[in-house]
Amino acid sequence: MRHIRSAVVTAAVLLTLGGGAVVTAPAAQAAVPFPSIGWQQRNCDFNGDGYDDVLTGAPGATVGGAARAGYVSVQYSSSGGLSTTRRTVLHQDVSGVPGGAESGDGFGRAVASGDLDNDGYDDVVVGIPGEDLAGLSDTGAATVFWGSPNGLRGTDSTWLENSEALRAGAHFGRAIEAARYFAPDPAEPDADPRDSIAVLEDDALLFFTASPGETGQRVSMSHLGVKARDLAPADTGFEFRGISHGNYNEDSWADLAVSGVTTGERAGTGSVQVLHGAPDVEDLGDGGTFPGGPAIVSGDWDGTGQDDLVIGDTGTGSPKGGGITLYLGRGDLSGLEPEPAQYWTQDSVGVPGVAETGDQWGADLSAGDTDGDGHPDLAVGAPGEDVGGVSDAGAVWVLRGDRSGLTNVRAKSFDQQHADIPGVAESSDRWGSQVRLIDANKDGLFGLLASAPGENTHDGFVWVLPASSSGLIAAGTWNYGGARLGAPAADAQFGAAIDE
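Definitions and limits used
- Residues numbered from 1 in each chain as written.
- Predicted model: local features only at pLDDT ≥ 70, side-chain atom pairs only at ≥ 80, totals over all residues.
- Heavy atoms only, no water.
- Helix = DSSP H or I, 4+ residues; strand = E, 2+ residues; numbered from the N terminus.
- Rg over C-alpha atoms; globule rule 2.2 N^0.38 Å.
- Buried < 20%, exposed > 50% of the residue type's maximum accessible area, 1.4 Å probe, protein only.
- Areas by Shrake-Rupley, 256 points an atom, 1.4 Å probe, with all protein chains shown as cover.
- Lys, Arg positive; Asp, Glu negative; His and termini not counted.
- Charge placed at Lys NZ, Arg CZ, Asp CG, Glu CD.
- Patch = residues over 30% accessible without salt bridge, like charges linked within 9 Å, V, L, I, M, F, W, Y side chains within 5 Å.
- Salt bridge = Lys/Arg side-chain N within 4 Å of Asp/Glu carboxyl O.
- Phe/Tyr/Trp six-rings, centres within 6.5 Å; stacked < 30°, edge-to-face > 60°.
- Lys NZ or Arg CZ within 6 Å of the ring centre and 35° of its normal.
- Pairing = 2+ DSSP bridges.
- Contact = heavy atoms within 4.5 Å.
- Polar contact = N/O pair within 3.5 Å; in protein donor to acceptor, adjacent residues only side chain to side chain.

Caption draft 1: Just the overall build of the chain, in detail. Helix and strand content of the chain: 1 helix and 30 strands. Taken over the C-alpha trace, the chain has a radius of gyration of 21 Å; the compact-globule value for 500 residues is 23 Å, and the two agree within 12%. Projected onto its principal axes, the C-alpha coordinates of the chain cover approximately 55 × 50 × 50 Å. Here the chain holds 500 residues, and the buried ones make up 60% of them. Accessible area for the chain stands at about 17000 Å²; split by element, carbon and sulfur atoms hold 48% of it. Charged side chains in the chain number 27 positive and 70 negative. The centres of these two groups are separated by 3 Å.

This is how it looks when you write it as structure tokens:
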């Protein structure tokens, strides 16, 4: 147990697990800094070479003998696509990283990325919701890793905690997102367009950013944020679960969708609150409350230039098997339409499969253009789907985007029973627990990463499905786990988090 008082920790040297050599990306020229506002600003290029990289959490991994201490892996992409050889593995026993690997920390349970210091290299934030601080269990914390020409490293990593109110069971870092929600200096809103960090505890939303004129890689708390009780439906408690950002009202600030579920007698009902960005963090606006959740993702499905919001409804009171709801941007500063444009389940016409209790269709979501038609498509994870009589084997669906939003034309589903997808469907694999659409080689087509944290009795694996002009295809699918990256594999829950 270690309590680090300062929100800033400077570190020294990077090592890898098992004493191996660090494999990093070659030096690259940083891209022109551009803040994350809408969903189309992919903020995950950690070495500045113009290709989106992949950040994956393995919060169940044993590190230095500590069970469930956890780690994250970073894989660098190129014109050849996603690599398992050009990678970095980071955890709390890496030299220079604050704290130390301890049992139950859950390092990597949540991950996020953005350009926090406005240098053109995207940075990473890793949640550690099980971290114990000052003798308090599961207070939680987070670590920032700074992008560079050589990618991510342990040196100069930065510690974050809720120094204003350390509490047992707060789970600081349970969900994280980075975008330009507000200006570091409201008096000069365009002077420093860096991203800021939104961090969830169970019952609070907190913000962190660099102070105006701050030099070096330093981050501090900007605002104590929003209490979950202020967003709770009448006569219930509320617990935060997830965050997504998009530009729902066409201004120069990112908006924030925050999901959660009710607690108490009517526990588990999902709800999403949208907050509109503003120059001053104190002036974040009310963008509306929407039913459903906890999964959420932003994208411009109808191609209007204004972001839309999809909510996965898998909580208490959701339709049989789960469902998804699409809310469209109104095309002005007022934000999202209050009424849904579309609602989908597995029983919708043209959607493969049949809705069954426990499918969790919509438990995770991702946006990306899989067929190059200019509209993002939607990946829908259903980790509770039974496949061929195998319980909770899991599956993934893809709905195509068009001018109406989403369409059932050429809707597809994938699972491990497919002949071209490695492995077989097994009970509790939970394939599709995390989904991410990514254009790793910049060819304009987004392939799919689908994780199964339960694979091989919770070792966890990630599958890579290629894209084509007809959308995602199973042919050519390959997979990997922690062992292929030179990291611990046993019970690692590799793929429990993948940065969107």
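Caption draft 2: View of unusual backbone geometry. Cis geometry marks the peptide bond from Gly-293 to Pro-294, where omega comes out at 15°. A positive phi is found at Asn-118, a non-glycine position, where the angle reads about 60°. Looking at the element boundaries, Asn-118 is found in the loop between β4 (110-114) and β5 (123-128).

Caption draft 3: Layout of a negative patch on the surface. On the surface, a cluster of negative charge is made up of Glu-250, Asp-332, Glu-337 and Glu-339. Checked against the element boundaries, Glu-250 lands in the loop between β12 (237-246) and β13 (255-263).

Caption draft 4: Region of the structure containing the packing of aromatic side chains. Tallied over the entire structure, the rule returns 11 aromatic pairs. Measuring from centroid to centroid gives 6.0 Å for Phe-238 and Phe-240, while their planes differ by 85°, and the two rings are edge-to-face. For the pair formed by Phe-238 and Phe-240, the shared burial category is buried. Pairing Trp-361 with Trp-397 gives two aromatic rings, centres 6.2 Å apart and planes at 80°, and the pair type is edge-to-face. In this pair, Trp-361 is assigned in the loop between β19 (342-344) and β20 (364-368) and Trp-397 in strand β22 (residues 395-402), connecting sequence segments 36 residues apart. Side by side, Trp-361 and Trp-397 carry an identical accessibility label, which is buried. Taken together, the ring pairs connect Tyr-181, Phe-182 and Phe-207 into an aromatic cluster. The ring of Trp-253 is capped by Arg-180, whose NZ or CZ atom sits 4.1 Å from the centre of that ring.

Caption draft 5: Region of the structure containing the sheet that holds strand β2 (residues 71-78). Across the sheet, which stays open at both edges, the 4 strands sit in the order β3-β2-β1-β30 with antiparallel pairing between neighbours. With partners counted over all chains shown, the strands left at the sheet margins are β3 (81-90) and β30 (497-498), one partner each. Relative to β2, strand β1 (residues 54-58) is paired through 5 bridges, and the arrangement is antiparallel. Counterpart to Gly-57 in the pairing with β2 is Val-72.

Caption draft 6: Spotlight on the environment of Gly-374. Topologically, Gly-374 is positioned in the loop between β20 and β21 (377-382). Owing to a relative accessible area of 58%, Gly-374 belongs among the exposed residues under this scheme. When the C-alpha atoms of Gly-374 and Trp-301 are compared, they prove to be 9.2 Å apart, with 73 residues separating the residues in sequence.

Caption draft 7: Fine view of the environment of Arg-410. Tracing the sequence through the fold places Arg-410 in strand β23 (residues 405-414). Once you skip the residues sitting within four places of it in the chain, Arg-410 turns out to touch Asp-371, Val-398, Arg-400, Ser-469 and Ser-470. A polar atom in the side chain of Arg-410 sits 3.5 Å from the backbone oxygen of Ser-470.

Caption draft 8: Highlighting the side chain of Asn-43. Structurally, Asn-43 is set in the segment before β1. Note on Asn-43: relative accessible area 7%, which makes it buried. A distance of 3.1 Å separates polar atoms of two side chains, one belonging to Asn-43 and the other to Ser-36. For Asn-43, the contacting residues outside a window of four places in its chain are Ser-36, Ser-113, Gly-114, Asp-122, Ala-178, Asp-195 and His-245.

Caption draft 9: Main features of the side chain of Arg-180. Inspection of the secondary structure assignment puts Arg-180 in the loop between β8 (175-179) and β9 (196-200). Side-chain polar atoms of Arg-180 contact the backbone oxygen of Pro-189, separated by 2.7 Å.

In short, the description is geometric, and any link to function would need to be established separately.
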